[in-house]
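# Structural characterization, general
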Amino acid sequence: MISPPEPPLSQRRLCFVLGKGGAGKSTVAAALGLNAATERLRTLVIEVSSQHRLPHLFGIAGPRDGHRDVEVRLAPDLWTLSIDPQHATEEYLAGQLKVRPVVEMLARSRAFSHFTSAAPGLAELVSLGKIWSLAVALQDDKRTPVWDRLIVDCPATGHGIALLETAQNVEELAGGGPIRDQAARIQEVIAHPAATGVAVVARPEELSVTEACEAVVTLREAGLPVAAAFMNGMRHDRFHDADEPALRRLAAEPAGGVVATAAVASLRQLLGRRHDVAYLERLRRETALPVQELPQLVRRTMGPTGIAILADHLGESR
């Protein structure tokens with residue numbers, strides 16, 4: 001029996017975005033979120049490890065001190081939330097122990113803090129559990145999801161993969177009990193290709209593309225639903241290969257001047273674009289994924305305007 005084709009990333013409710021540090025995964029996650037929100041989908045972009053980058057990208061103040069795990073509105077139909085692993089651990093224990101004062105007493109203990117920091121996989125498990133709880137949350141009618149789309153800005157590649165693999169590892173290692181049962185429920189959602197997709201972000205550079213290709217192999221071996229890749233920072237396609245001889249002739253003019261200077265800049269743009277396309281083709285070839293180009297934006301800071309440009313580009317490419 002032939003399995004039905006998996007839906008594109010834009011049709012999956014839960015999307016995890018990961019990539020090498022500096023590849024621009026946070027801006028891609030923000031653009032994916034804004035693009036979904038423009039479709040009138042109630043969208044939440046989730047940051048992990050107590051990051052608060054998204055409000056800054058949109059020029060909005062983040063949550064005040066003491067207001068952890070608070071949703072911040074970024075734009076119409078778009079919110080962000082940063083998961084604090086310590087707070088998520090307290091929430092998890094409160095659910096297990098059913099006695100909030102005991103949990104609060106434990107949380108104030110320095111020994112307990114050291115234990116939670118050292119416990120292998122605990123921060124990842126409770127963070128993933130928080131994401132899962134947001135993904136399955138229902139409105140008051142008990143039928144309609146609270147969120148139409150959830151985008152997770154994962155940590156850099158290695159830590160991001162560790163986060164995604166946590167539930168499966170716990171399910172395999174735990175002998176039984178509530179922790180194993182919860183890990184199994186989380187893993188069912190994380191690995192569901194109709195509901196969840198992992199997107200890998202790279203830049204047209206050797207280390208970034210190599211790391212992205214290796215990440216896709218690792219994710220597939222773990223049975224995780226890799227859905228797409230994004231090549232971020234592609235130089236614009238302003239010239240064609242047929243233009244190269246003429247540009248070289250103009251650049252070599254002995255008189256020089258404005259025309260030669262413009263030809264040199266144009267030639268640099270052509271060769272740079274050719275370099276970027278070579279990495280784009282390599283990413284497509286080695287991952288066998290749909291790879292979407294995102295343009296290089298030359299600006300001092302990304303800001304809401306830059307995010308909107310990327311979101312518009314995502315919409316045009318659907």
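Within any chain, residue numbers begin from 1 and follow the written order of that chain's sequence. Totals for whole chains, interfaces and linings use all residues, but because this is a predicted model, local features are given only for residues with pLDDT of at least 70 and pairs of side-chain atoms are given and counted only at 80 or more. The side-chain numbers reported here are obtained from all heavy atoms of the structure, hydrogens and water having been left aside.

### A word on the overall build of the protein
Threshold: Counting from the N terminus, the helices are DSSP H or I runs at least four residues long and the strands are E runs at least two residues long. Only protein chains enter the accessibility calculation, which uses a 1.4 Å probe; a residue whose area is less than 20% of its type maximum is buried, one above 50% is exposed, and one in between is partly exposed. In what follows, residue pairs with any heavy atoms lying within 4.5 Å of each other are defined as contacts. Areas reported here follow the Shrake-Rupley algorithm with a probe of radius 1.4 Å; residue values treat only the protein chains shown as occluding.
Secondary structure assignment for the protein yields 12 helices and 8 strands. Looking at the protein as a whole, 46% of its 318 residues qualify as buried. Residue pairs at least 24 apart in sequence account for 73% of intrachain contacts in the protein once pairs closer than 6 positions are excluded. Approximately 16,300 Å² of the protein is accessible, and the part contributed by carbon and sulfur atoms is 55%.

### Some thoughts on the layout of surface pockets
Quick note on the threshold: Throughout, the protein atoms alone are placed on a 1 Å grid, and a set of points is a cavity if a 1.4 Å probe fits but cannot get out or a pocket if it is open with protein on both sides within 12 Å along at least five of seven lines; lining residues have an atom within 4 Å of a point. Grid points are joined across faces, edges and corners, and a volume is the space filled by probe spheres set on the points.
Roughly 310 Å³ of internal volume is contained in the largest pocket. Only α1 (25-38), β5 (149-153), β7 (226-234) and β8 (291-295) provide two or more residues apiece to the lining of the largest pocket. It is β7 that contributes the most residues to the lining of the largest pocket, 4 residues altogether.

### Describing the packing of aromatic side chains
Keep this limit in mind: Here the aromatic set is Phe, Tyr and Trp, taking the six-membered ring for Trp, and pairing holds for ring centres within 6.5 Å; pairs whose planes are under 30 degrees apart are stacked, those over 60 apart are edge-to-face, and all others are tilted. Two conditions define a charge located above a ring, namely a distance within 6 Å from the ring centre to NZ of Lys or CZ of Arg, and an angle within 35 degrees of the ring normal.
In the structure shown here, the tally under the stated rule is 1 aromatic pair. Considering the side-chain rings of Trp79 and Trp147, the 5.7 Å spacing of their centres and the 65 degrees angle between planes classify their relative orientation as edge-to-face. Placement of the pair is Trp79 in strand β4 (residues 78-82) and Trp147 in the loop between α6 (122-136) and β5, with a sequence separation of 68 residues. Taking relative accessible area as the criterion, Trp79 reaches 17% and is therefore assigned buried. Since its relative accessible area comes to 1%, Trp147 is described here as buried. Directly above the aromatic system of Trp79 lies the positively charged group of Arg42, at a separation of 4.4 Å from the ring centroid. Over the aromatic face of Trp147 sits the side chain of Arg42, whose NZ or CZ is 4.5 Å from the ring centroid.

### Quick notes on the packing of α6 against helix α8 (residues 178-190)
Our working rule: Helix axes are fitted to C-alpha atoms over the stretch in contact, other axes to C-alpha atoms as well, and angles between N-to-C directions run from 0 to 180 degrees. Should an angle fall under 35 degrees it is taken as roughly parallel, and over 145 as roughly antiparallel, whereas 65 to 115 is taken as roughly perpendicular and any remaining angle as oblique. The hand of a helix crossing depends on one turn: near helix anticlockwise from the far one by less than a right angle means left-handed, and clockwise means right-handed.
In contact at an axis separation of 10 Å, α6 and α8 are set at 60 degrees when each is read in the N-to-C sense. Accordingly, the angle class assigned to the pair α6 and α8 is oblique. Where α6 crosses over α8, the two elements pack in a sense that is left-handed. The segment α6 lies against α8, with Leu125, Leu128, Gly129, Trp132 and Val136 engaging Ile179, Gln182, Arg185, Ile186, Val189 and Ile190.

### With respect to the sheet that holds β7
The condition that has to hold: By definition, two strands form a pair when at least two bridges between them are found by DSSP.
The strand order β3-β4-β2-β5-β1-β6-β7-β8 describes an open sheet built from 8 strands, whose pairing is mixed. The sheet is open, and its two borders are formed by β3 (72-75) and β8, each paired with just one other strand. The sheet shows a mean angle of 25 degrees between the axes of neighbouring strands, direction not considered. In this structure, strand β2 (residues 43-47) lies alongside β5, joined through 5 bridges in parallel fashion. Bridge pairing in β5 places Glu47 opposite Asp153. Lying on the sheet, α6 is in contact with β1 (14-19), β2, β4 and β5; it crosses β1 at an angle near 145 degrees.

### Thoughts on helix α11 (residues 257-287)
Put simply, the test is: To estimate the expected span of a helix, subtract one from its residue number and multiply by 1.5 Å.
Here α11 is 31 residues long and its end C-alpha atoms lie 45 Å apart, about the 45 Å a rise of 1.5 Å per residue gives. Ala288 occupies a position one or two residues after α11 and carries a positive phi of about 55 degrees.

### Considering the pattern of salt bridges
Note that side chains of opposite charge can pair when their charged atoms are close. The line we're drawing: Salt-bridge detection follows one rule: a side-chain nitrogen of Lys or Arg within 4 Å of a carboxyl oxygen of Asp or Glu.
Here the structure, examined in full by the defined rule, presents 12 salt bridges. For the salt bridge of Glu6 with Arg12, the shortest nitrogen-to-oxygen distance reads 3.5 Å. Since its relative accessible area comes to 48%, Glu6 is described here as partly exposed. Note that Glu211 and Lys20 form a salt bridge whose closest N and O atoms lie 4.0 Å from each other. In this pair, Glu211 sits in helix α9 (residues 206-221) while Lys20 sits in the loop between β1 and α1, placing the two residues 191 residues apart along the sequence. With relative accessibility at 24%, the residue Glu211 sits in the partly exposed group. A relative accessible area of 28% means that Lys20 is categorised as partly exposed. Among the charged side chains, a network of salt bridges with common partners joins Asp241, Glu244, Arg248 and Arg274.

Taken by themselves, the reported measurements are silent on function.
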